[in-house]
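# Chains, contacts and geometry: an overview
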Amino acid sequence: AQSVTQLGSHVSVSEGALVLLRCNYSSSVPPYLFWYVQYPNQGLQLLLKYTTGATLVKGINGFEAEFKKSETSFHLTKPSAHMSDAAEYFCAVRQSGGYNKLIFGAGTRLAVHP
Amino acid sequence: GAGVSQSPSNKVTEKGKDVELRCDPISGHTALYWYRQSLGQGLEFLIYFQGNSAPDKSGLPSDRFSAERTGGSVSTLTIQRTQQEDSAVYLCASSFSGGGRGQETQYFGPGTRLLVL
């Protein structure tokens, strides 16, 4: 069965600092991996996804993530945090078996302070 | 174009009452999903519709929960005899197709925040 672990339920960074949100997955098949962001009182918005091909994936708002099979990781990074990045971030893996339902991690709340 | 819409945005009900939550997917999307987001459980899959195929109901937590999708478009999630533990945000998502490869992006609605008193 697939599962996702996000290390750190809360992360706080200074504006301009590096953002690193950690995600590890377990999957018995080649995974499809996703990062979503949720702003307060809003739905989830896709930041980026890995399916096949290049392991470094670039997404919206300057975020990127690298799929590392050997480490079963898909960490999300952004070189320089902006105040508007404050939100909750969810890593997800697609469940195998021909279905498209997502299995989510518990989420990481990112705070950005001046 | 319009995104996924959900109604109502907020719903307060009394324990034991039935509630209906509505989802309008993006036009042309054949796959539709319901998820629940709660403090204790995080984001959980509930049910999935793909075209005219039988829905995948494997995530529904009890027989009090049911969902239907009419005409391949609008979906309604019904919770009967609501309990306080049903309090959560119910999120709907749709994608262009859901079968097979699973690469398709799921687009989420803003959710319905349900509070059971």
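Scroll up for the structure.
Quick caveat: nothing in here was measured; it's all calculated off a predicted structure. (Residues numbered from 1 in each chain as written. Chains lettered and ligands numbered in written order. Predicted model: local features only at pLDDT ≥ 70, side-chain atom pairs only at ≥ 80, totals over all residues. Heavy atoms only, no water.)

## Overview of the overall build of chain A
- The number of helices and strands found in chain A is zero helices and 11 strands.
- Listed N to C, the secondary structure of chain A is β-β-β-β-β-β-β-β-β-β-β in terms of helices and strands.
- For chain A, whose C-alpha radius of gyration is 14 Å, the value lies close to the compact-globule estimate of 13 Å for 114 residues.
- Across chain A, contacts joining residues at least 24 apart in sequence account for 55% of those joining residues at least 6 apart.
- Summed over its atoms, the accessible surface of chain A is roughly 5,200 Å², and 53% of this surface lies on carbon and sulfur atoms.
- Side-chain charges of chain A comprise 9 positive and 6 negative groups, with the mean position of each set lying 10 Å from the other. (Helix = DSSP H or I, 4+ residues; strand = E, 2+ residues; numbered from the N terminus. Rg over C-alpha atoms; globule rule 2.2 N^0.38 Å. Contact = heavy atoms within 4.5 Å. Areas by Shrake-Rupley, 256 points an atom, 1.4 Å probe, with all protein chains shown as cover. Lys, Arg positive; Asp, Glu negative; His and termini not counted. Charge placed at Lys NZ, Arg CZ, Asp CG, Glu CD.)

## Digging into the interface of chain A and chain B
- Contacts between the two partners involve 19 residues from chain A, matched on the other side by 24 residues from chain B.
- For the chain A and chain B pair, buried surface summed over both sides reaches about 1,800 Å², with 49% attributable to carbon and sulfur atoms.
- The largest per-residue losses of area from chain A upon contact with chain B belong to A:Leu44, A:Asn100 and A:Lys101, which jointly make up 33% of the total buried on that side.
- Where chain A touches chain B, the interface holds one salt bridge.
- Across the pair A:Lys101 and B:Asp56 runs a salt bridge, and its minimum N-O distance is 2.9 Å.
- Between the two partners, chain A and chain B, sit six residue pairs in polar contact (both at pLDDT 80 or more).
- Of all the secondary-structure elements, those providing two or more residues to the side of chain A that touches chain B are β4 (33-38), β5 (44-50), β9 (87-94) and β10 (102-104) of chain A.
- Among the residues making up the side of chain A that touches chain B, the classes are represented as nine nonpolar, seven polar and three charged. (Buried area = accessible area lost by both parts, 1.4 Å probe. Salt bridge = Lys/Arg side-chain N within 4 Å of Asp/Glu carboxyl O. Polar contact = N/O pair within 3.5 Å; in protein donor to acceptor, adjacent residues only side chain to side chain. Nonpolar A, V, L, I, M, F, W, Y, C, P; charged D, E, K, R; others polar.)

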